[in-house]
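Structural characterization, general
Letter by letter, the chains look like this.
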Amino acid sequence: MDAPPPLLQIEGLTRTYGRRIGCKDVSFSLWPGEILGVVGESGSGKSTLLNCLSAKLEPTAGRVLYTDRHGRAIDVWAASEPERRMLMRTDWGIVHQNPRDGLRMGVSAGANIGERLMAVGERHYGGIRREAETWMRRVEMDLDRIDDAPFTFSGGMQQRLQIARNLVSKPRLVFMDEPTGGLDVSVQARLLDLLRGLVTDLGLSAVIVTHDLAVTRLLAHRMIVMRRGEVVEAGLTDQVLDDPQHPYTQLLVSSILHP
Amino acid sequence: MPHPMLVVEDLEKTFTLHTQGGTVLPVLRQVTLAVAGGECVALHGPSGAGKSSLLRCLYGNYLPQAGRILVAHDGRMVDVVAATPHTILDIRRRTMGHVSQFLRAIPRVPAIDIVAEPLRAVGVAAAPARERAAALLTRLHIPERMWQLAPATFSGGEQQRVNIARGFALDFPILLLDEPTAALDAGNRQVVVDLILEARRRGVAIVGIFHDREVREAAADRAFEMAAYAAAA
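Residues numbered from 1 in each chain as written. Chains lettered and ligands numbered in written order. Predicted model: local features only at pLDDT ≥ 70, side-chain atom pairs only at ≥ 80, totals over all residues. Heavy atoms only, no water.

Focus on the overall build of chain B
To keep it simple, the criterion reads: Helix and strand assignments come from DSSP, with helices taken as H or I runs of at least 4 residues and strands as E runs of at least 2, each series counted from the N terminus. Think of it in three bands: residues with accessible area under 20% of the maximum for their type are buried, residues over 50% are exposed, and the middle band is partly exposed, with areas taken using a 1.4 Å probe on protein chains only. Here, two residues are considered to be in contact whenever any of their heavy atoms come within 4.5 Å of each other.
Scanning chain B from terminus to terminus reveals seven helices and nine strands. Each of the three principal axes of chain B carries a C-alpha extent, and together these read 50 × 40 × 35 Å. In chain B, which comprises 233 residues, the share counted as buried stands at 51%. Expressed as a percentage of contacts within chain B between residues at least 6 apart in sequence, the contacts between residues at least 24 apart total 68%.

Structure, rendered in structure tokens:
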């Protein structure tokens, strides 16, 4: 078997804020088509880790290696700023917890989706419009809202639009920060089903940061548990949730009704 | 024994409950077992003897403290206990199927797609995967009008049959069955027995828990007594 190389290899990633630890000595690999869940309570270093991975926050130590479409390994933080920007535009997507951070609230839904296509070189207006419509449908939004601006949408619709905006340019790797946070339960369930279908259909790889173990159970193949900036447990999602080893993971799992 | 597909050596499983004063619960002690292709081994013993725990260890769902679980995967024996999650996912995708006691219903996914999923995961095209799923659902008496519905609202027996269809959709070389007939009527129990016997004729190695004696006697060719290995006693 000619196993493909990992898409992402994280080695000893550390980020400190002065003397305070953001995340410390985090290592893992992510293979094509795999979803990794990162769980832990607030302040455990999940978001710091995600920001270092997604090229938004420079780590204090360690490496982030990304294998591009041509099989080339790129040391993300040793690469030039333009190279990093190119990766973010062509290969990666980032879904923020707050849609306001990922959308342009003043321009239409269609433009929010189309913009990403133009950023990767698409110029034909008709084609962009059609693609925007296709993605509106895929994320289950009414086509007659395509010319409305996101500030007129509900939180759930904004989040679905953000997902469409991210996936339209066919990224290989998507980073998600609490993608269902702040949504009410029925809207959450719908969004999760949608995400689950999309990542399977598109063969996406993703790193999903969440404090919700049910989200992890549904979406992630593997998970890591963080506490005070360090990884305390890592493994298959169902193994970590059904047979947690570390006292902190046991506490997390026993604190909820149905993980 | 010819071609053991699954070999368990000196398996130990203990739970340490850190949130409950560090209580230590020993469950399995030095379990040793080999299953050949075409064999169906029934785990036998009273409730609490560790039958489900052993099955879960085999699938990589529980993490044993010691011992080995060797699985014939890609022409060699791979130790599930020592394997990386990435390797276990690959073993689950291509080599080892598992029918759990209850279907973990995924919201909004139609029954037929839940059944077809293991085929899709190894690259079978949508149409033939659905065809195979439809054939299994028909055999297990799930009416066609229910195929497009998500099983969350199905009865216990219907959910279990969807789960069984999913477990048998792909011809896994190794199958783990956790009480596959618990909620089924006589007719459907017989279908499951037939599915097991057909799998055995294909050379599939099966480990199962069957509370129903008739099913056990019809499907399995030997029992594995857990009592000798239960550490809790």
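Text resumes after the structure shown.
Considerations on the sheet that holds strand E4 (residues 61-67) of chain A
Residues and elements named next belong to chain A. The cut-off we apply is this: Strands qualify as paired when DSSP identifies two bridges or more between them. Fitted lines through C-alpha atoms give the axes, limited to the stretch in contact for helices. The angle between two N-to-C directions lies from 0 to 180 degrees.
Strand order in the open sheet made by the four strands is E2-E1-E4-E5, with antiparallel pairing throughout. The outermost strands of the open sheet, each flanked by one partner alone, are strand E2 (20-30) and strand E5 (73-75). Averaged over neighbouring strand pairs, the angle between their axes works out to 20° when direction is ignored. Relative to E5, E4 runs antiparallel, the two sharing three bridges. Bridge pairing in E5 places Leu 65 opposite Asp 75. Its contacts with the sheet place helix H1 (residues 46-53) against strand E1 (8-17), E2 and E4, and it is angled at close to 120° to E1.

Section: the layout of surface pockets
All names here are of chain A. Note the following rule: Think of a 1 Å grid over the protein atoms and nothing else: a 1.4 Å probe that fits but is trapped marks a cavity, an open set flanked by protein within 12 Å on at least five of seven lines marks a pocket, and residues with an atom within 4 Å of a point count as lining. Grid points are joined across faces, edges and corners, and a volume is the space filled by probe spheres set on the points. Only Asp, Glu, Lys and Arg are considered charged, only Ala, Val, Leu, Ile, Met, Phe, Trp, Tyr, Cys and Pro nonpolar, and every remaining residue, Gly among them, polar.
Here the second largest pocket is characterised by a volume of approximately 440 Å³. Along its surface, the second largest pocket is lined by 19 residues, and Arg 85, Met 88, Arg 89, Ile 94 and Arg 116 are the ones closest to its centre. For the lining of the second largest pocket, the secondary-structure elements that each account for two or more residues are helix H2 (81-90), strand E6 (92-95), helix H4 (109-119) and helix H6 (155-167). In terms of residue count, H2 provides more of the lining of the second largest pocket than any other element does, five residues in total. A per-class count over the lining of the second largest pocket returns six nonpolar, five polar and eight charged.

Some words on the packing of H4(A) against helix H5 (residues 125-138) of chain A
Residues and elements named next belong to chain A. Condition: Angle categories: roughly parallel below 35 degrees, roughly antiparallel above 145, roughly perpendicular from 65 to 115, and oblique for all the rest. Here a crossing is taken to be left-handed if its near helix is turned anticlockwise relative to the far helix by less than a right angle, and right-handed if that turn runs clockwise.
Relative orientation of the contacting elements H4 and H5 amounts to 120°, with a least axis distance of 9 Å. The orientation of H4 with respect to H5, classified from their angle, is oblique. Here H4 runs over H5; the crossing is right-handed. Listed contacts from H5 to Ala 109, Gly 110, Ile 113, Gly 114, Leu 117 and Met 118 of H4 are Ile 128, Glu 131, Ala 132, Trp 135 and Met 136. Residue composition of the contact of H4 with H5, grouped by class: eight nonpolar, two polar and one charged.

Side note on helix H2 (residues 85-94) of chain B
Those residues of H2(B) not exposed but buried are B:Ile88, B:Leu89, B:Asp90, B:Ile91 and B:Arg92. Packing partners of the buried residues in H2(B) comprise strand E9 (222-227), strand E10 (230-236) and helix H9 (237-242) of chain A together with strand E4 (66-73), strand E5 (76-79) and strand E6 (96-99) of chain B.

Regarding the environment of A:Gly37
Residues and elements named next belong to chain A. Relative to the helices and strands, Gly 37 is located in strand E3 (residues 35-39). Assessed through its relative accessible area of 2%, Gly 37 is described here as buried. Gly 37 sits 211 residues away from Tyr 248 along the chain, and the two C-alpha atoms are 16 Å apart. Residues in contact with Gly 37, not counting those within four places in the same chain, are Ile 208, Thr 216, Ala 220, Arg 222, Met 223 and Ile 224.

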